[in-house]
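Spelled out from the first residue to the last, the chains are:
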Amino acid sequence: MSCWPPCSEWCDCVEGRCRPAPYRPNAVRIRTADGRCLQAVDGPAAYDGYLGPTAGAPGTWETFLMDRPTTWPVRSGDAMVLRAVDDTWRPLPGVLVRVDHGVLVLPRKSKKDPQLVTYQFGGRDRPLLVSSPLQAGFPAYQGGDPGEWTFTITGMAGGSPVPFGTPVKSGDQVRFSFATRNQARPERFWRLRDDANPRRVEGDAEPGGPAATTFTIEFNEVRPDVGWRPPLDTGCRRCARVTAVVSRRATGTPIAGAHVTALPPSVPFAGDTAPTDGRAELTASVDGAVRDCVPAGRIELQATADRFQVARATDTVPDQGAVEVRIPMDCTMVTGRVLDSAGNPMPGEWVYLTDAQDQPILDLDEQPYQTRTDVEGRFSFACVPHRQVKLSTDHDPSTDRIVTIGPRGDHVELVVQRTAATVVVRVVDADDNDQPLDGANVRLTVGGAARTAITGGSPPEATFLLVRPAGAATVRASTTGYLPSSVPATVPASGTVTITVRLRRDKSVQAPVAFMLQLDRGALPRDLDLHCSGPSGGEGRFHCLFHDARPVPFVRLDVDEGQATGPERITVTPVAGAFVPGEYHCWIDNFSGEQTFARSGASVALLSVDAAGLPTRRGRWLAADLPGDPGRLWYVLRFTLDERGGLTVDPVMAYRSGSWDTVL
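Each value, and the rule that gives it
Within every chain, residues take consecutive numbers counted from 1 along the sequence as written. For a predicted model such as this one, the threshold for reporting local features is a pLDDT of at least 70, and the threshold for listing and counting side-chain atom pairs is 80 or more; totals across whole chains, interfaces and linings nevertheless cover every residue. Note that water and hydrogens are dropped before the side-chain values are worked out from all heavy atoms of the structure. Put simply, DSSP marks the helices as runs of H or I at least four residues long and the strands as runs of E at least two long, and each gets a number from the N terminus on. Here the radius of gyration uses the C-alpha set of atoms, whereas the globule reference equals 2.2 Å times the residue count to the power 0.38. Remark: exposure states derive from per-residue accessible area (1.4 Å probe, protein chains only) relative to the maximum for the residue type, with buried under 20%, exposed over 50%, and partly exposed in between. Any pair of residues with heavy atoms lying within 4.5 Å of one another is described as a contacting pair. All accessible areas in this document rest on Shrake-Rupley with a 1.4 Å probe, and a residue is counted as covered only by the protein chains that are shown. When charges are counted, neither His nor the chain ends are considered; positive counts come from Lys and Arg and negative counts from Asp and Glu. Charge positions are represented by NZ for Lys, CZ for Arg, CG for Asp and CD for Glu. Without a salt bridge and with relative accessible area above 30%, a residue can belong to a patch; like charges are then joined within 9 Å and nonpolar side chains (Val, Leu, Ile, Met, Phe, Trp, Tyr) within 5 Å. Put simply, a salt bridge is a Lys or Arg side-chain nitrogen that is within 4 Å of an Asp or Glu carboxyl oxygen. Only buried Ala, Val, Leu, Ile, Met, Phe, Trp, Tyr and Cys residues count toward a nonpolar core, and they belong to the same one when joined by side-chain atoms within 4.5 Å. For this text, the term disulfide refers to a pair of cysteine sulfurs within 2.5 Å. The pairing test for Phe, Tyr and Trp rings, Trp by its six-membered ring, is centres within 6.5 Å, and the orientation test on the planes gives stacked under 30 degrees, edge-to-face over 60, and tilted for anything in between. Any two strands are treated as partners once DSSP identifies two or more bridges connecting them. Axes here refer to lines fitted to C-alpha atoms; in helices the fit is confined to the stretch in contact. Angles between the N-to-C directions go from 0 to 180 degrees. Two N or O atoms count as a polar contact when they lie within 3.5 Å, although within protein this holds only if one can serve as hydrogen donor and the other as acceptor, and sequence-adjacent residues are included solely when both atoms are side-chain atoms.

Asker: How do you make sense of the overall build of the protein chain when you look at a structure like this?
Answerer: Along the backbone of the protein chain there are one helix and 54 strands. Relative to the globule expectation of 26 Å for 664 residues, the C-alpha radius of gyration of the protein chain, 54 Å, shows a markedly less compact shape. Taken along its principal axes, the extent of the C-alpha atoms in the protein chain is 175 × 60 × 50 Å. In the protein chain, buried positions account for 43% of the 664 residues. Residue pairs in contact within the protein chain that sit at least 24 positions apart in sequence constitute 59% of those at least 6 positions apart. Roughly 33,200 Å² of accessible area belongs to the protein chain as shown, and the carbon and sulfur atoms make up 49% of that amount. Between the mean site of the 70 positive side-chain charges and the mean site of the 78 negative ones, the protein chain shows a separation of 10 Å.

Laid out in structure tokens, this is it:
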């Protein structure tokens, strides 16, 4: 099992637990009696500085690796080599703490003897340096002598040396010495000189001479890129539980159902606030397990909630324990103005916020969203849910606006048109010198709302009153035998505008291949029969009915639906490429007689069929529109055909007496 969060640099993950890594001391810091640390003065940029004290916090300059001894613990009397480190805590090759060289003038044995000189380590005004060893060239010095960088550590207790071999622990008092080449003075000690400039450690203290300085030694472990090991009792994990507390900024009220997520580069810890206190405990799934301890350091949280704007908060996660991060959220606002069509503000107007079907939406206090505009015509709604909403006033519905609200809200202007226009539509035959067409269907669409009318009068026109709002509109017209057409239009703020729609003839309808009468009905009466009479092509008239479904070759009844509600159809077709001209009659017989036509739901349609088999309705008549006292027969219509299929329709719509074999 892995450890989460990952163990700190000085710990190892063992069976899912972080434990301190084994302690391997390899470095020292040396302090003076007043707590200052020895460092490379003027280093380590050139690494050619004095070894002297500093009052600052210890870092890489004040840390030295121990090349010797190789055993642990260090014992009094052990030899030691101290190596400088760079800013990444790695050893600097060849940069050691070493004693400066002096030149020793040897005494003559007699006046005739030559004056001899040699080198020595330390001596008066010979400082300790942090640098690479000197090269050969000094009198009687060949270079590479380890004596210049090898020191002996001596434990001190009560101002006196402890016996050699006594372990020296971190925090003990010690002195450092080194061997010289001067047989008369074979040993010298480190001595701190605060009177020198700069203050430094020199190698001139000797037995019977200047007093050696006693230092405090600190042993520890150093790792590249990691540095000086913290105390062994430092926690192995640096993480804490994080609780997001989400509330409404204006009131401090907790927000339920908010979703909180830690943003990159953090692991995406997340949680949802509880219904009561607006608190969310953050967790994340890491390595297949749910974790609730967030790594220490800076963390940025983002909260989202319906009715509120997205909010963020930044905090610092401590090394252990728990922290609460407060995230105040602002309401999602819908603001706007109500203006008239001249751009003037409309104060005191009621504005409503509903769903798209005009159903009320409740605010956080369980009240409908409705308010009045201020003196500047402004309005606002707070904490609006994130969804599609409608904004409306008490005026024309064309003022309404439907908008989709997101976390950032919206600003909406409602323009109320006080005036209205009159729209007159003329429908003309584009294939007959723009002759007006009577009975054409007209549809006017303005501001998303549609109105319909039929052309009529002299000349035939369709008139729409109180049309608003001003602006773009669409007019569509259609009538039997013509292809529908739509034209764009512009509605003025007031006055009257006339719009002309030009229709082209539908050639397929102008040249029909058949005519069809269709009876549709309800469940009762159970048996309504479709009848048709007309010219037989010779003398007399045919009568098409249920027991004579094909009285002449060009007329047929498809089926007698005596016990069903499906349609009955009588079809009239040409003979030798021409229709039999004359007058045709259509009526319905209430054969069962168990109920009148009044509630039958029956209707009769006259259709023309083109060469592609597609029908065009030439008229439709409802039994519900029949006037007078009910009778057994419903005389629906008369229509006249010419040889080319020219049609003239005369609706009769009257009751008649008679029976199934009566011919009208």
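Asker: Teacher, can you tell me more about a nonpolar patch on the surface here?
Answerer: Residues Y23, W72 and L232 make up a contiguous nonpolar surface patch of about 320 Å² in total accessible area. Among the structural elements, L232 can be located in the loop between β19 (227-228) and β20 (239-248). L232 gets classed as exposed once you look at its relative accessible area, which sits at 51%.

Asker: Can you walk me through the nonpolar core in this structure?
Answerer: Generally speaking, a soluble globular protein has its nonpolar side chains buried in company with each other. Core analysis: the largest hydrophobic core is formed by 46 residues, its most contacted members being V260, L301, I327, L353 and L391. Beyond its immediate chain neighbours, meaning those up to four positions away, L353 contacts V334, I361, Y369, F381, V384, V389, K390 and L391. Formed by 33 residues, the second largest nonpolar core is a distinct cluster that contains F542, W621, A623 and L637.

Asker: I tried to follow the state of the cysteines on my own but got confused; where do I start?
Answerer: Two cysteines whose sulfur atoms are joined by a covalent bond form what is called a disulfide. Scanning all chains against the criterion turns up five disulfides. Here C11 is linked by a disulfide to C236, with a sulfur-sulfur distance of 2.1 Å. Residues C11 and C236 are joined through a disulfide that is left-handed, its torsion about the S-S bond being -80°. A residue pair is termed long-range when its members are at least 10 positions apart, and C11 in strand β1 (residues 11-14) and C236 in the loop between β19 and β20 qualify at 225 residues.

Asker: Help me understand the packing of aromatic side chains, please; the structure alone is not making it clear to me.
Answerer: Any two aromatic rings considered together are summarised by their centre-to-centre distance and by the angle between their planes. Scanning the model with the defined rule gives 16 aromatic pairs in all. Aromatic side chains Y369 and F381 sit 5.8 Å apart centroid to centroid with 90° between the ring planes, which places their arrangement in the edge-to-face category. Here the residue Y369 occupies a position in strand β32 (residues 369-372), and F381 occupies one in strand β33 (residues 378-381), the gap between them amounting to 12 residues. Classification of F381 by relative accessible area gives buried; the value is 4%. Both rings, one in F542 and one in Y584, keep their centres 6.1 Å apart while their planes meet at 55°; by these two values the pair is tilted.

Asker: Any chance you could explain the sheet that holds strand β31 (residues 350-354) here in plain terms?
Answerer: The strands that make up a sheet pair up through hydrogen bonds in the backbone, lying either parallel or antiparallel. The strand order across the open sheet formed by four strands is β32-β31-β34-β35, and the pairing between neighbours is antiparallel. Every other strand in the sheet has two partners, leaving β32 and β35 (401-404) as the edge strands with one partner each. Pairwise comparison of adjacent strand axes, ignoring direction, gives a mean angle of 20° for this sheet.

Asker: Any chance you could explain the environment of V389 here in plain terms?
Answerer: Among the structural elements, V389 can be located in strand β34 (residues 388-392). Ignoring sequence-local partners within four residues, the contact set of V389 consists of L353, T354, I361, R401, I402, V403 and I405.

Asker: Quick question: what am I supposed to make of unusual backbone geometry here?
Answerer: The step from W4 to P5 runs through a cis peptide bond, and the omega angle for that step is -10°. Following the sequence through the fold, P5 ends up in the segment before β1. Cis peptide bonds are those with omega within 30 degrees of zero, and the linkage from S458 to P459 qualifies with -5°. Here P459 is to be found in the loop between β40 (449-454) and β41 (462-467). Positive phi, normally seen in glycine, also occurs at D225, with a value near 70°. Mapped onto the secondary structure, D225 falls in the loop between β18 (222-223) and β19.

Asker: Where do I start with the side chain of R191 in this structure?
Answerer: Note on placement: R191 falls in strand β15 (residues 187-193). Exposure remark for R191: the relative accessible area of 19% places this residue in the buried category. At 2.8 Å, the side chain of R191 and the side chain of D204 are in polar contact.

Asker: Help me understand the pattern of salt bridges in this model?
Answerer: Side-chain pairs of opposite charge can arise whenever the charged atoms involved come near each other. The tally for this structure, following the rule as stated, stands at 31 salt bridges. Three or more residues are tied together by salt bridges with common partners; here these are D125, R193, D195, R200 and E202.

Asker: It is not clear to me how the sheet that holds strand β22 (residues 270-272) should be interpreted in this structure. Could you clarify?
Answerer: Ordered in space as β22-β21-β27-β28, the four strands form an open sheet in which the pairing is antiparallel. The open sheet has two edge strands, β22 and β28 (311-317), and neither has a second partner. Ignoring strand direction, the axes of neighbouring strands in this sheet form an average angle of 20°. Strand direction decides the pairing type here: strand β21 (residues 259-262) and β22, joined by three bridges, are antiparallel. Counted as the bridge partner of H259 is D272 from β22.

Asker: Got a minute to help me understand the side chain of T32 in this structure?
Answerer: Inspection of the secondary structure assignment puts T32 in the loop between β3 (27-31) and β4 (37-41). A relative accessible area of 5% places T32 in the buried class. Of note is the side chain of T32, whose polar atom sits 2.3 Å from the side chain of D34. Residues contacting T32, with those up to four places away along its chain left out, are L38, P53, L192 and F215.

Asker: Just to check I follow, could you spell out the pairing of strand β8 (residues 91-99) for this structure?
Answerer: Strand residues, when the strand is regular, have side chains that alternate between the two faces of the sheet. Pairing between strand β7 (residues 79-85) and β8: two bridges, direction antiparallel. Residue pairing across strands places V85 opposite P91, the latter belonging to β8. Hairpin connection between β7 and β8: a loop of five residues separates the two successive antiparallel strands, and W89 in this loop has a positive phi of roughly 65°. Alignment of β8 against strand β11 (residues 128-131), held across four bridges, turns out to be antiparallel. Within β11, the position partnered with V99 by the bridge is L128.

Asker: Hey, could you run me through the environment of H531 in this one?
Answerer: Considering the arrangement of structural elements, one finds H531 in strand β46 (residues 528-535). For H531, a relative accessible area of 0% gives the class buried. C-alpha of H531 to C-alpha of Y635: the two residues are 104 residues apart in sequence and 9.6 Å apart in space. The residues touching H531, leaving out its near neighbours within four places in the chain, are H543, C544, L545, I570, H585, C586, W587, D589 and W660.

Asker: What exactly am I supposed to notice about the environment of Q359 here?
Answerer: Along the chain, Q359 falls in the loop between β31 and β32. For the pair formed by Q359 and V174, sequence separation is 185 residues and the distance between their alpha carbons is 88 Å.

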